[in-house]
Amino acid sequence: MQLNKIWPITAITIREGIRNRAMQGILFIAALLCAVYLIIIPLFAFDTGKVAVDLSFASITLAGLAIVIFLGIALMVRDIHQRSVCMILSRPIDRPTYVIGKFCGVGLTVLFAIVIIGGMGVLATALGIKFIPEISAPRNFSWGFLFLTFLYRYLSFLILMASAFLFTVLTTNEYLSMLFTISIYIIGNSLETIVNVLQAGEFFQASATYLGVMKFLTWILPNLSAFDLKVYLGYGLDLSWHHLAWTGVYGLVYIAVLLYLTIIIFNRKELR
């Protein structure tokens, strides 16, 4: 892999992403939602701080998912179908460099969107707390924990994007890649809860084999719910640094494995 040639591909991808009309539409809708929060939040009788956190991260999730699914996959598929990737690879640039550069480009585009939308959400909440009596700050609010919540949400988007790249290289079909990526997002946010319910056995008595298969899937599929810290932020709950550290390591290792598999498959793929 040619490290000195990753940045040019990354920069081109960032420019393509920012200029894309889909990106502009996503940012506009997210900004509109942040403005609507000031109207919605006072309607709740209690825990307005928790409601503000939930609504702010809902807009971030919406924007991040839309960029990964509709922009990241589209850019990769377009390069393959329009043979742009062949032009890039005809130069002294190898395939791993192209994949990593493209991933970094889309990842920085997602980061750009999260920073803008997150800043809008924080600003809207701060203005609401100052000028609207019904809105209160989250309990035990901490700017450091707010930053960690943003960071771990971003890490979950990187895992989803690495999954999207893998599906795109496998299928080279935009709609199949979107379908698989959305499925990974839904499963990743619900599988741990399902396993916990099955283990409790209060609503459904699962067989040992079925429970074993579900536990095995938790080791294969990404546990995206582990990166959702907004409940701790909204209620002011404590979270151990040991848990945060292992969750971060898990996310980085999972991304590395997905990118490695993507590079292996892309190296063996015949491009015409």
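Since the structure is predicted, the reported quantities are computational estimates derived from the model, not experimental observations.

> Please set out a nonpolar patch on the surface residue by residue, giving values where relevant.
On the surface, a cluster of nonpolar side chains totalling about 640 Å² of accessible area is made up of F28, I29, L32, V36, I39, I40 and L62. The biggest single contributor to the nonpolar patch is helix 2 (residues 21-40), with six residues. As for its position among the elements, I39 is in helix 2. A relative accessible area of 61% places I39 in the exposed class.

> Explain the nonpolar core to me, using residue names and the numbers behind them.
Counting 70 residues, the largest nonpolar core has Y98, F103, V110 and I255 as the members making the most contacts within it. Of all the elements in the fold, those that place two or more residues in this core are helix 1 (6-19), helix 2, helix 3 (48-81), helix 4 (84-89), helix 5 (95-131), helix 6 (143-171), helix 7 (174-200) and helix 10 (241-268). Ranked by residues supplied to this core, first place goes to helix 6 with 18 residues. When neighbours within four sequence positions are excluded, F103 is seen to be in contact with L158, M161, A162, F165, I255 and L259. Judged by nonpolar contacts, the second largest core, of five residues, contains V195, L198, L211 and M214.

The rules we used
- Residues numbered from 1 in each chain as written.
- Predicted model: local features only at pLDDT ≥ 70, side-chain atom pairs only at ≥ 80, totals over all residues.
- Heavy atoms only, no water.
- Patch = residues over 30% accessible without salt bridge, like charges linked within 9 Å, V, L, I, M, F, W, Y side chains within 5 Å.
- Areas by Shrake-Rupley, 256 points an atom, 1.4 Å probe, with all protein chains shown as cover.
- Salt bridge = Lys/Arg side-chain N within 4 Å of Asp/Glu carboxyl O.
- Helix = DSSP H or I, 4+ residues; strand = E, 2+ residues; numbered from the N terminus.
- Buried < 20%, exposed > 50% of the residue type's maximum accessible area, 1.4 Å probe, protein only.
- Core = buried A, V, L, I, M, F, W, Y, C linked by side-chain atoms within 4.5 Å.
- Contact = heavy atoms within 4.5 Å.

These figures come from the coordinates and say nothing about function on their own.
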